[in-house]
Amino acid sequence: MRGQIYIIAEAGVNHNGSVDLAKELILAAAEAGADAVKFQTFRANRIASVAAQKAAYQKETTGNGGTQLSMLRALELPEEAYPELLSCCRENRIDFLSTPFDADSLQFLIHQCHVRIVKVPSGEATNDPFLLEVARTHLPVILSTGMCTLGEVERALSVLAYGYTGEGDPPCCSALDRAYAAAQEDGTLARRVSLLHCTSEYPAPWESIRLKAMDTLRSAFGLPVGYSDHSEGIEVSLAAAARGAAIIEKHFTLDRSLPGPDHRASLEPEELARLVSGIRHIELALGNGVKAPTARECDTRTAVRKSIVAACSIRKGEPFTKENLTFKRPGTGKSPAEYWSLLGTAAGRCYEPDELL
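Below you will find a few notes about this structure.

Calculation rules
- Residues numbered from 1 in each chain as written.
- Predicted model: local features only at pLDDT ≥ 70, side-chain atom pairs only at ≥ 80, totals over all residues.
- Heavy atoms only, no water.
- Helix = DSSP H or I, 4+ residues; strand = E, 2+ residues; numbered from the N terminus.
- Rg over C-alpha atoms; globule rule 2.2 N^0.38 Å.
- Buried < 20%, exposed > 50% of the residue type's maximum accessible area, 1.4 Å probe, protein only.
- Contact = heavy atoms within 4.5 Å.
- Areas by Shrake-Rupley, 256 points an atom, 1.4 Å probe, with all protein chains shown as cover.
- Lys, Arg positive; Asp, Glu negative; His and termini not counted.
- Charge placed at Lys NZ, Arg CZ, Asp CG, Glu CD.
- Salt bridge = Lys/Arg side-chain N within 4 Å of Asp/Glu carboxyl O.
- Axes fitted to C-alpha atoms, helices over the stretch in contact; angles between N-to-C directions.
- Parallel < 35°, antiparallel > 145°, perpendicular 65-115°, else oblique.
- Nonpolar A, V, L, I, M, F, W, Y, C, P; charged D, E, K, R; others polar.
- Pairing = 2+ DSSP bridges.
- Phe/Tyr/Trp six-rings, centres within 6.5 Å; stacked < 30°, edge-to-face > 60°.
- Lys NZ or Arg CZ within 6 Å of the ring centre and 35° of its normal.

## With respect to the overall build of the protein
- What the protein contains, in helices and strands, is 16 helices and ten strands.
- Here the C-alpha atoms of the protein give a radius of gyration of 29 Å, more than 25% beyond the 21 Å that 2.2 N^0.38 yields for 357 residues.
- For the C-alpha atoms alone, the extent of the protein along its principal axes is close to 100 × 50 × 40 Å.
- Evaluated residue by residue, the protein yields a buried proportion of 47% over its 357 residues.
- Considering only contacts in the protein between residues 6 or more positions apart, those separated by 24 or more positions represent 67%.
- Carbon together with sulfur atoms contributes 51% to the accessible area of the protein, which is approximately 17300 Å² in total.
- Of the side chains in the protein, 38 bear a positive and 45 a negative charge, and the two mean positions are spaced by 8 Å.

Now the structure itself:
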């Protein structure tokens, strides 16, 4: 991890089913300075029925023809491609992540790809059996909360908590409640789960982003929070970093004009590099919260703060008055904070005009 904020470059399905394009995306993410590059792992016939229609944004970007199933089939990466992608990530010193969308893909990522983090997509946030299986991996989880109510997020956390601590299927809702309460109390969830605020529109209009909901998630659940950004540009991700996001996830592509459902809502490599650079600058700028002058400020303070100086010639024994004192740089003499206590006291020696007391 290159900084305090974990930056995930979301390649997603922007490889368009091409292993070579996927490797180019890895190289671009590494060159931009991201901590991780993330893909999506699924088998189309495991996640979409023949009756599933495309979402509105998918129709806009891929046309009205075809179903979700046919679209997703064209975006699958074959399992035999993953060793090559993992090797490419290792060579370029960037973490490999991939989002599983079904139980078989989850097990493949765990046992064949040896991922160290499971990213749960927003669409699976209410898939309780899947969440239970995710928790049983005992790996850290990043849960996206697009389309979720606060109650649905709590339910998802309850299932994860039960999966971390319970055996078998939960017998009743009260078992989930008990598991959630215990996992909150002993810190299990805080150690293992991070939440991403997300708006599941592609691209997300400004008014739909509601970035303050990230703060609501942090306050409600006491977990690390971040932002999965589907907006255009880099502004909202930078704002999320400044608001304390622990994770920033952003879609990127090699070319926004490529065919496919997600390219239009993605950054191109130069923009991704600017985002990473901007986040790293924000991390430096946020600092440690201590209000104190820096070493360079101490030098500036001497140069630009003022001291009490003689406004005119002052004889020894003459009282200091509002008329014979004034304030000028540098700040190496008596501070103006001592001004009122000096008024009426006698000068201990003579002072020339502009001489510091």
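Still to come is the rest of the account.
## Here we look at the pattern of salt bridges
- Summed over the entire model, instances satisfying the criterion amount to 17 salt bridges.
- Notably, a salt bridge pairs Asp104 with Arg46, separated by 1.8 Å at the nearest N-O pair. One end of the pair, Asp104, is in helix H6 (residues 103-111); the other, Arg46, is in helix H2 (residues 44-47), with 58 residues separating them in the sequence.
- Close ionic contact of Asp229 with Lys250 constitutes a salt bridge, the shortest N to O distance being 3.1 Å. Taken as a pair, Asp229 in strand E7 (residues 225-229) and Lys250 in strand E8 (residues 247-251) lie far apart in primary sequence, 21 residues in all. Accessibility assignment for this pair places Asp229 and Lys250 in one class, buried.
- If you follow the salt bridges from partner to partner, you end up with Asp35, Arg280 and Glu283 in one network.

## Examining the packing of helix H8 (residues 150-165) against helix H9 (residues 173-186)
- Between H8 and H9, the shortest axis-to-axis distance is 8 Å and the interhelical angle comes to 80°. Judged by the inter-axis angle, H8 sits roughly perpendicular to H9. Each of Glu154, Arg155, Leu157, Ser158, Val159, Ala161, Tyr162 and Thr165 in H8 lies in contact with H9, whose residues at this interface are Cys173, Ala175, Leu176, Ala179, Tyr180 and Ala183.
- Looking at side-chain class alone, the contact of H8 with H9 contains ten nonpolar, two polar and two charged residues.

## Details of the pairing of E7
- Buried residues dominate E7, accounting for five of its five residues.
- Because side chains alternate across E7, one face comprises the buried residues Val225, Tyr227 and Asp229, and the other comprises Gly226 and Ser228, equally buried.
- One ladder, built from four bridges, connects strand E6 (residues 193-198) with E7; its direction is parallel. For Leu195, the partnering residue across the bridge sits in E7 and is Val225.
- In the sheet, E7 pairs with E8 via three bridges, with the strands oriented parallel.

## Description of the sheet that holds strand E3 (residues 95-100)
- On the basis of which strands lie adjacent, the open sheet formed by eight strands has the order E3-E2-E1-E8-E7-E6-E5-E4 and parallel pairing. Each having just a single partner strand, E3 and strand E4 (118-120) make up the two edges of the open sheet. Recorded for the sheet is a direction-independent mean angle of 25° between the axes of neighbouring strands.
- In this structure, E4 lies alongside strand E5 (residues 141-144), joined through three bridges in parallel fashion. Of the residues in E5, the one forming a bridge with Val120 is Leu143.
- Each of strand E1 (6-12) and strand E2 (36-41) is contacted by helix H1 (residues 19-32), which is oriented at about 155° to E2, the strand it contacts most.

## Side note on the packing of aromatic side chains
- Going through the model one piece at a time under the given rule, you end up with eight aromatic pairs.
- Centroid distance Tyr82 to Phe108: 5.1 Å. Interplanar angle 80°. Geometry classified as edge-to-face. Residue Tyr82 is found in helix H5 (residues 82-91), and its partner Phe108 is found in helix H6; the two are separated by 26 residues along the sequence. Each member of the pair, Tyr82 as well as Phe108, is classed as buried.
- Ring centres 6.4 Å apart and planes at 55° place the aromatic pair Tyr339 and Trp340 in the tilted group.
- Exposure remark for Trp340: the relative accessible area of 68% places this residue in the exposed category.
- Each residue in the set Phe39, Tyr82, Phe96 and Phe108 is aromatic and connected to the rest through ring pairs, giving one cluster.
- Its guanidinium or amino end placed over the ring of Tyr164, Arg192 lies 4.6 Å from that ring's centre, counting from NZ or CZ.

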